[in-house]
Amino acid sequence: MRLSAMGDVAMTVPVLRAFVNQYPEVKITVISRPFFKSFFEGISNVSFFAFDEKNRHKGFLGLIRLFKDVSKLNIDAFADLHNVLRSKIVRTLFALSRKRTAFTDKGREAKKALTRAENKFFQPLATVFERHAKVFEELGFPIDLSSRDMGTIFPKKAVLNADVLELIGANNQKLIGIAPFAQYDSKVYPLDLMQKVIHQLAENPTYKILLFGGGKKEIELLNSLSSSNENVINVAGKIKFQQELQLISNLDVMVSMDSGNAHIAAMLGVKVISLWGATHPYAGFAPFNQPLTNSLVSDREKYPMLPTSIYGNKVVPGYEDAMKTILPESVVRTVRSQLEV
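Everything numeric here is computed off the predicted structure, so don't read it as measured data.

*Asks:* Run through the packing of aromatic side chains, naming residues and quoting values.
*Replies:* With the rule as written, the count across this model stands at 16 aromatic pairs. Each ring, one from F122 and one from Y282, has its centre 4.7 Å from the other, and the planes form 35°; the classification is tilted. In this pair, F122 sits in the loop between helix 5 (108-115) and helix 6 (128-138) while Y282 sits in the loop between strand 9 (272-276) and strand 10 (295-297), placing the two residues 160 residues apart along the sequence. An aromatic cluster of at least three residues, connected via ring pairs, comprises F19, Y23, F136 and F141. Sitting above the plane of the F122 ring, R300 keeps its charged end 3.7 Å from the centroid.

See below:
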């Protein structure tokens, strides 16, 4: 299996957990960048192969070396869950060596129909998880993602170490994670409205709000969001990524944009409330195992061209304020409803 970006990698984890749960006799090797190794730790029958994109596996010759390196593992089939140029090359080499191969169909034409301005086909598309499951089905391993016992595939909450407990405190408050950033501005909830969400939630002393992000600019903004409430803590830049994953696994709910944080929380079995601007859950990227009611979308009556983009990288004039139609009160109400379940 060949994987790359954070959100993409996180969305494969629930599918792999379901796979090993239903096929415990099959071994899987995940090929991805070393940074993502922690995503797969603790999953039975799953091992990790680090893709060295800067040295050994760089360029076309490097991909040939990658093929040879992985071939030494005596694999029987190659599942390409990324389906980009580099993974296609490796997949082709395995096919030429008479190994079974399959790849994720990204459904590009259907996504174009969903996001085009005129004659829009506004219907739910197959989810990424369903598309990945189809790959394994083609290799002879159909996966049931709708099983009633899907909840059993998620890991247990991680035991938090002393550093994390010192940061957040060791009390019995409900833990609410908020990740207010995304790669593109069209997917970011306005910070003044997010401040209102945080303030309203922080009024309840039984809640503790933890803010997630990365990078110097984001950390500064998170510091400003957390400065006025004692039960709001910015954890960005204060703990290692592995500790961050452990902390997320202990959340009672995560509030996120259409971003990698939503998928990381979902892969750990956490309830996720996602906010959508230029993008839309109908494109198939809603977090795993979450009800559609947890995806809060911008108002399509006021902004009928939505969704205008699959990834949020397309700017449409006049749609800059689309996410302002998601009211803070709606976000807070949805958070509270999930904490009461």
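*Asks:* With reference to specific residues and values, describe the side chain of N229.
*Replies:* Mapping N229 onto the fold places it in the loop between helix 9 (216-226) and strand 7 (232-234). Residue N229 is classed as buried on the basis of its relative accessible area of 13%. A polar side-chain atom of N229 sits 3.1 Å from a polar atom in the side chain of S228. If near-sequence neighbours (up to four positions away) are discounted, N229 is found in contact with H199 and A202.

*Asks:* Go over the pairing of strand 3 (residues 77-80) with me, naming the residues and quoting the values.
*Replies:* Sheet analysis places strand 3 next to strand 4 (residues 100-103), joined by four bridges and oriented parallel. Residue pairing for strand 4: A79 is matched across the bridge by A102. Viewed along the sheet, the connection from strand 3 through helix 4 (residues 85-96) into strand 4 turns out right-handed.

*Asks:* Describe in detail the side chain of D258, supporting the description with residues and values.
*Replies:* Position of D258 relative to the elements: it lies in the loop between strand 8 (253-257) and helix 11 (260-267). For D258, a relative accessible area of 8% puts it in the buried group. A distance of 2.8 Å separates a polar atom in the side chain of D258 from a polar atom in the side chain of T279.

*Asks:* Any chance you could break down the packing of helix 1 (residues 6-22) against helix 11 for me, citing the residues and the numbers?
*Replies:* Put simply, helix 1 and helix 11 touch, their axes get as near as 8 Å, and they point 20° apart. Judged by the inter-axis angle, helix 1 sits roughly parallel to helix 11. In terms of crossing hand, the pair formed by helix 1 and helix 11 is left-handed. In contact with M6, G7, A10, M11, V13, P14 and R17 of helix 1, helix 11 contributes G260, H263, I264 and M267. A per-class count over the contact of helix 1 with helix 11 returns seven nonpolar, three polar and one charged.

*Asks:* Describe the nonpolar core, and please don't skip the residues or the numbers.
*Replies:* Formed by 63 residues in total, the largest nonpolar core has its most connected members in F19, F39, F40, F136, L210, F212 and L247. For this core, the leading source of residues is helix 1, giving nine residues. The contacts of F39, once residues within four sequence positions are left out, are M6, V9, A10, V13, F241, L245, I264 and M267. Of all hydrophobic cores here, the second largest spans 31 residues; its members include I176, V197, L201 and L275.

*Asks:* Account for the pairing of strand 9, with residues named and values stated.
*Replies:* By the criterion of burial, strand 9 is predominantly enclosed, with five of the five residues buried. Taken together, the four bridges between strand 8 and strand 9 define a ladder with parallel strand orientation. Within the sheet, the bridge partner assigned to M254 lies in strand 9 and is V272. Each parallel crossover has a hand, and the one from strand 8 via helix 11 to strand 9 is right-handed. The sheet contact formed by strand 9 and strand 10 spans three bridges and is parallel. Counted as the bridge partner of W276 is V297 from strand 10.

The rules behind these values
Residues numbered from 1 in each chain as written. Predicted model: local features only at pLDDT ≥ 70, side-chain atom pairs only at ≥ 80, totals over all residues. Heavy atoms only, no water. Phe/Tyr/Trp six-rings, centres within 6.5 Å; stacked < 30°, edge-to-face > 60°. Helix = DSSP H or I, 4+ residues; strand = E, 2+ residues; numbered from the N terminus. Lys NZ or Arg CZ within 6 Å of the ring centre and 35° of its normal. Buried < 20%, exposed > 50% of the residue type's maximum accessible area, 1.4 Å probe, protein only. Polar contact = N/O pair within 3.5 Å; in protein donor to acceptor, adjacent residues only side chain to side chain. Contact = heavy atoms within 4.5 Å. Pairing = 2+ DSSP bridges. Right-handed = clockwise from strand over helix to strand, strands pointing away. Axes fitted to C-alpha atoms, helices over the stretch in contact; angles between N-to-C directions. Parallel < 35°, antiparallel > 145°, perpendicular 65-115°, else oblique. Left-handed = near helix turned anticlockwise from the far one by under 90°. Nonpolar A, V, L, I, M, F, W, Y, C, P; charged D, E, K, R; others polar. Core = buried A, V, L, I, M, F, W, Y, C linked by side-chain atoms within 4.5 Å.

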